[in-house]
Amino acid sequence: DGGITQSPKYLFRKEGQNVTLSCEQNLNHDAMYWYRQDPGQGLRLIYYSQIVNDFQKGDIAEGYSVSREKKESFPLTVTSAQKNPTAFYLCASSGIAGGSSNEQFFGPGTRLTVL
Amino acid sequence: AQSVTQPDIHITVSEGASLELRCNYSYGATPYLFWYVQSPGQGLQLLLKYFSGDTLVQGIKGFEAEFKRSQSSFNLRKPSVHWSDAAEYFCAVGGSARQLTFGSGTQLTVLP
């Protein structure tokens with residue numbers, strides 16, 4: 001089955017530690033996205049990547065970093081510089097080269113809790 | 001800049017009643033519009049989308065939405081709600097850059 005996988009589902013981190021969230025897709029999509037979701041605030045864009053080896057900051061990139069070395073993978077690192085990292089993180093992907101749709105497909109999410 | 005407003009934070013309906021969730025958007029050109037649904041602790045699932053053409057779009061699970069350019073709205077409707085429809089619903093607007101802007105969501109509670 002084609003889709004997006006995120007791991008782990010639950011993640012606990014001590015203050016001051018970096019942590020990396022995994023996102024993998026087998027939809028052959030060009031673009032991938034990371035969102036942060038907090039209660040009552042909808043989804044806020046952290047980073048996005050339209051193509052391998054290229055990515056751009058979203059609305060709330062401070063304290064986060066990403067890489068896009070492979071088309072299928074877009075890991076997100078939450079660094080110790082992120083002041084309030086406890087949240088639900090969603091990865092998404094969209095677009096096949098030459099297509100017109102920008103519909104995004106979402107993974108199941110990772111809930112990060114800072115202890 | 002594009003934006004989306006979902007005026008209702010929480011809506012409660014009885015099972016079998018009709019449903020309308022409101023969505024207003026701001027976008028400089030003809031937008032791409034989406035409705036997604038999210039169950040607790042899960043990712044988002046696409047219900048329906050509008051790109052062009054017929055302004056009344058049909059989606060999965062019996063949902064439909066109507067694009068009204070004059071009102072900058074894209075309201076979601078369902079004639080008869082089922083208990084399994086209880087979830088959070090997000091409206092989103094996008095453009096050619098493939099980025100989406102999401103509303104803050106409407107939580108739907110269904111009473112038996």
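Structure: above.
Note that this is a predicted model, so its numbers are computed, not measured.

Colleague: Give a detailed account of the overall build of chain A, specifying residues and quantitative values.
Modeller: Check the secondary structure of chain A and you find zero helices and eleven strands. Its helices and strands in sequence order give chain A the pattern β-β-β-β-β-β-β-β-β-β-β, from N to C terminus. Against the compact-globule benchmark of 13 Å for 115 residues, chain A has a radius of gyration of 14 Å, which places it among compact chains. Referenced to the eigenvectors of the C-alpha coordinate spread, the extents of chain A come out at roughly 45 × 25 × 25 Å.

Colleague: Lay out a nonpolar patch on the surface with the relevant residues and their values.
Modeller: Residues and elements named next belong to chain A. A cluster of nonpolar side chains, Tyr-10, Phe-12 and Leu-115, forms an exposed patch at the surface whose accessible area comes to about 390 Å². Note on placement: Phe-12 falls in strand S2 (residues 10–13). Overall, Phe-12 belongs to the exposed group, its relative accessible area being 54%.

Colleague: A description of the interface of chain A and chain B should follow, citing residues and the corresponding values.
Modeller: Taken together, the contact between chain A and chain B spans 26 residues of the former and 21 residues of the latter. With both chains or domains summed, chain A and chain B bury close to 1800 Å², and 49% of this area falls on carbon and sulfur atoms. Taken as a group, Asn102(A), Glu103(A) and Phe106(A) account for 31% of the area that chain A buries against chain B, more than any other trio of residues on that side. Where chain A packs against chain B, one counts one salt bridge.

Colleague: Report on the pattern of salt bridges, specifying residues and quantitative values.
Modeller: One pass over the structure, following the stated rule, counts eight salt bridges over all chains. Connected via shared salt-bridge partners are Arg36(A), Asp38(A) and Arg44(A).

Colleague: Break down the pairing of strand S9 (residues 87–94) of chain A for me, with residues and values.
Modeller: Residue and element names in this part refer to chain A. Judged by how many residues are buried, S9 sits mostly within the fold: eight of eight residues are covered. Residues Ala-87, Tyr-89, Cys-91 and Ser-93 of S9 are buried on one face, and the alternating residues Phe-88, Leu-90, Ala-92 and Ser-94, pointing to the opposite face, are buried as well. As paired elements, strand S4 (residues 31–37) and S9 share seven bridges and run antiparallel to each other. Paired with Trp-34 across the strands is Cys-91, a residue of S9. Direction of pairing for S9 relative to strand S11 (residues 110–114): antiparallel, over a ladder of three bridges. For Tyr-89, the partnering residue across the bridge sits in S11 and is Thr-110.

Colleague: Describe the state of the cysteines, and please don't skip the residues or the numbers.
Modeller: Residues and elements named next belong to chain A. Inspection of every chain in the model, using the stated rule, returns two disulfides over all chains. In this model Cys-23 forms its disulfide with Cys-91; the gap between the sulfur atoms is 1.9 Å. A torsion of -75° about the S-S bond marks the disulfide between Cys-23 and Cys-91 as left-handed. Of this pair, Cys-23 sits in strand S3 (residues 19–25) while Cys-91 sits in strand S9, and the two are 68 residues apart along the sequence. Look at Cys-23 and you get buried, because its relative accessible area is 0%. Overall, Cys-91 belongs to the buried group, its relative accessible area being 0%.

Conventions used here
Residues numbered from 1 in each chain as written. Chains lettered and ligands numbered in written order. Predicted model: local features only at pLDDT ≥ 70, side-chain atom pairs only at ≥ 80, totals over all residues. Heavy atoms only, no water. Helix = DSSP H or I, 4+ residues; strand = E, 2+ residues; numbered from the N terminus. Rg over C-alpha atoms; globule rule 2.2 N^0.38 Å. Patch = residues over 30% accessible without salt bridge, like charges linked within 9 Å, V, L, I, M, F, W, Y side chains within 5 Å. Areas by Shrake-Rupley, 256 points an atom, 1.4 Å probe, with all protein chains shown as cover. Salt bridge = Lys/Arg side-chain N within 4 Å of Asp/Glu carboxyl O. Buried < 20%, exposed > 50% of the residue type's maximum accessible area, 1.4 Å probe, protein only. Contact = heavy atoms within 4.5 Å. Buried area = accessible area lost by both parts, 1.4 Å probe. Pairing = 2+ DSSP bridges. Disulfide = S-S within 2.5 Å.

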